[in-house]
Amino acid sequence: VQREDKVFKALADASRRRILDRLREKNGQTLGELCEDQDMTRQAVTKHLALLEEAGLVVAVRKGREKIHYLNAVPISQIYMRWIRKFERRRMEALHNLKQALEEDKK
Amino acid sequence: MSTPDFIYTIYIRTTPEKVWAAITNPEFRRQYWVDDISSDWKKGSEWQHKSHDQICTAGKVLESLPPTLLVITWVDPSLPDDGSRVTFEIKAFEDMVRLNVVHGDFKPGSIMAKKISEGWPRVLSSLKTLLESGRALNTWAGFEPSCGPRS
């Protein structure tokens, strides 16, 4: 549960979501690459990356003197399965029941 | 290595032996990955992954150190030149297991590289749920099948 809080907290920020989008477009980037064309300071990006890493949304691997950052979408899949798919199923069931009720009316 | 690797990490409240079994045992694996897998998982052996009687991925076992390390090549037989490599690292971490899945060595412009970036997060998420709750789920519900004929 604590871990899930961290994921939601990490996602609750537009700059951090933008970093994730950039990694989705091109996986495996250095801090320098992630700072390019961003209206954020290097320090801000570093801070965001630390939070993303702690939430498990970014995995960093050391390569020589640099750290390469990768998108780890597993926690997002977990949220999807735990929070979204369940509600979708309810909706599908509701639609299914509605359809049946309407079709029965026709008879 | 022209296309960057993918690295997925997941912490699972279980034992390394169970994670190894979940990856290599067909019965176990069917509960979260749906499809069939076959191999003896010995170094140098072949492995294949079938869905609806069609081989979707196959390859060779490059390293096998149960229950901590498995390295395999990963090829879709319909795209024989689009091979890649998958490494499973299983490590006990406090009262949990850290599973790292590294997928790399893709050819430039690899089609497989695009496919797997949607697949692994779902598969690993289901794996975690299964091992922690004992509940199997349909990983691919609402999504196109992991392989098989494409429309």
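The structure we're discussing is the one just above.
About the cut-offs
- Residues numbered from 1 in each chain as written.
- Chains lettered and ligands numbered in written order.
- Predicted model: local features only at pLDDT ≥ 70, side-chain atom pairs only at ≥ 80, totals over all residues.
- Heavy atoms only, no water.
- Core = buried A, V, L, I, M, F, W, Y, C linked by side-chain atoms within 4.5 Å.
- Buried < 20%, exposed > 50% of the residue type's maximum accessible area, 1.4 Å probe, protein only.
- Helix = DSSP H or I, 4+ residues; strand = E, 2+ residues; numbered from the N terminus.
- Contact = heavy atoms within 4.5 Å.
- Buried area = accessible area lost by both parts, 1.4 Å probe.
- Salt bridge = Lys/Arg side-chain N within 4 Å of Asp/Glu carboxyl O.
- Polar contact = N/O pair within 3.5 Å; in protein donor to acceptor, adjacent residues only side chain to side chain.
- Phe/Tyr/Trp six-rings, centres within 6.5 Å; stacked < 30°, edge-to-face > 60°.
- Pairing = 2+ DSSP bridges.
- Axes fitted to C-alpha atoms, helices over the stretch in contact; angles between N-to-C directions.
- Parallel < 35°, antiparallel > 145°, perpendicular 65-115°, else oblique.
- Nonpolar A, V, L, I, M, F, W, Y, C, P; charged D, E, K, R; others polar.

Q: Mind showing me how you'd approach the nonpolar core here?
A: One recurring pattern in soluble globular proteins is that nonpolar side chains are buried together. Residue and element names in this part refer to chain B. Counting 34 residues, the largest nonpolar core has Ile72, Trp74, Phe88, Leu99, Trp120 and Leu124 as its most contacted members. Listed by contribution, the elements that provide at least two residues to this core are strand S1 (6-12), helix H1 (16-24), helix H2 (26-33), strand S5 (69-74), strand S6 (84-93), strand S7 (96-104) and helix H3 (111-133). Among the elements that line this core, the one with the most residues is H3, at nine residues. Setting aside chain neighbours within four positions, we find isoleucine 72 in contact with Trp41, Trp47, Lys60, Val61, Leu62, Ser84, Arg85, Val86 and Phe88.

Q: Mind showing me how you'd approach the interface of chain B and chain A here?
A: Note: interface size is frequently given as the accessible area lost on complex formation between the parts. Taken together, the 21 residues of chain B in the interface contact 16 residues of chain A. Both faces considered, chain B and chain A share a buried interface measuring about 1400 Å² in area, 55% of it formed by carbon and sulfur atoms. Taken together, the connections running from chain B to chain A amount to one salt bridge. Of the charged contacts, one joins B:Glu118 and A:Arg24 as a salt bridge, the two residues approaching to 3.6 Å between their closest N and O atoms. Summed over the shared surface of chain B and chain A, the result is five residue pairs in polar contact (both at pLDDT 80 or more). Elements that contribute at least two residues to the side of chain B that touches chain A include exactly S1 and H3 of chain B. Among the elements that make up the side of chain B that touches chain A, the one with the highest residue count is H3(B) (eight residues).

Q: Please explain the environment of B:Arg30 as it appears in this structure.
A: Within the element layout of this structure, B:Arg30 appears in helix H2. Among the polar contacts listed, one links the side chain of B:Arg30 to the side chain of B:Asp36, at a separation of 2.6 Å.

Q: Got a minute to help me understand the packing of aromatic side chains in this structure?
A: Two numbers describe a pair of aromatic rings. These are the distance of the centres and the angle of the planes. All names here are of chain B. Applying the stated rule across the entire model yields seven aromatic pairs over all chains. Considering the side-chain rings of tryptophan 47 and tryptophan 74, the 5.6 Å spacing of their centres and the 45 degrees angle between planes classify their relative orientation as tilted. Of this pair, tryptophan 47 sits in strand S3 (residues 46-51) while tryptophan 74 is found in strand S5, placing the two residues 27 residues apart along the sequence. According to the relative accessible area criterion, tryptophan 47 is buried, its value standing at 1%. Under the relative-accessibility criterion, tryptophan 74 is labelled buried at 6%. An aromatic cluster is defined as three or more aromatic residues linked by ring pairs; in this entry it consists of Trp41, Trp47, Trp74, Phe88 and Trp120.

Q: Is there a simple way to think about the pairing of S5(B) in this case?
A: Two faces, one strand: in a regular strand the side chains alternate between the faces of the sheet. All names here are of chain B. Here strand S4 (residues 54-65) runs beside S5; their pairing, made up of four bridges, is antiparallel. Looking across to S5, one finds that leucine 65 is bridged to leucine 69. Count of turn residues in the S4/S5 antiparallel hairpin: three residues. Judged from the six bridges that link them, S5 and S6 form a sheet pairing that is antiparallel. What sits directly across from threonine 73, in S6, is arginine 85.

Q: What is the right way to read the sheet that holds S5(B) from this model?
A: Note: strands within a sheet are paired through backbone hydrogen bonds, in either parallel or antiparallel orientation. Residues and elements named next belong to chain B. Sheet architecture is open: seven strands sit in the order S1-S7-S6-S5-S4-S3-S2, paired in antiparallel fashion. Two strands lie at the open edges of the sheet, namely S1 and strand S2 (36-38), each paired on one side alone. Between one strand axis and the next, the sheet turns through 20 degrees on average, direction left out of account. Of the strands in this sheet, S1, S4, S5, S6 and S7 are in contact with H3, which crosses S1 at around 5 degrees.

Q: For this particular structure, what's the right way to read the packing of H1(B) against H2(B)?
A: The description of two helices packed together rests on the angle between their axes and the distance between the axes. Residues and elements named next belong to chain B. Contact geometry of H1 with H2 gives a least axis separation of 6 Å together with a crossing angle of 80 degrees. When the axis of H1 is compared with that of H2, the two are roughly perpendicular. Contacts between H1 and H2 involve Lys18, Ala21, Ala22, Ile23 and Thr24 on the former and, on the latter, Pro26, Phe28, Arg29 and Tyr32. Among the residues making up the contact of H1 with H2, the classes are represented as six nonpolar, one polar and two charged.

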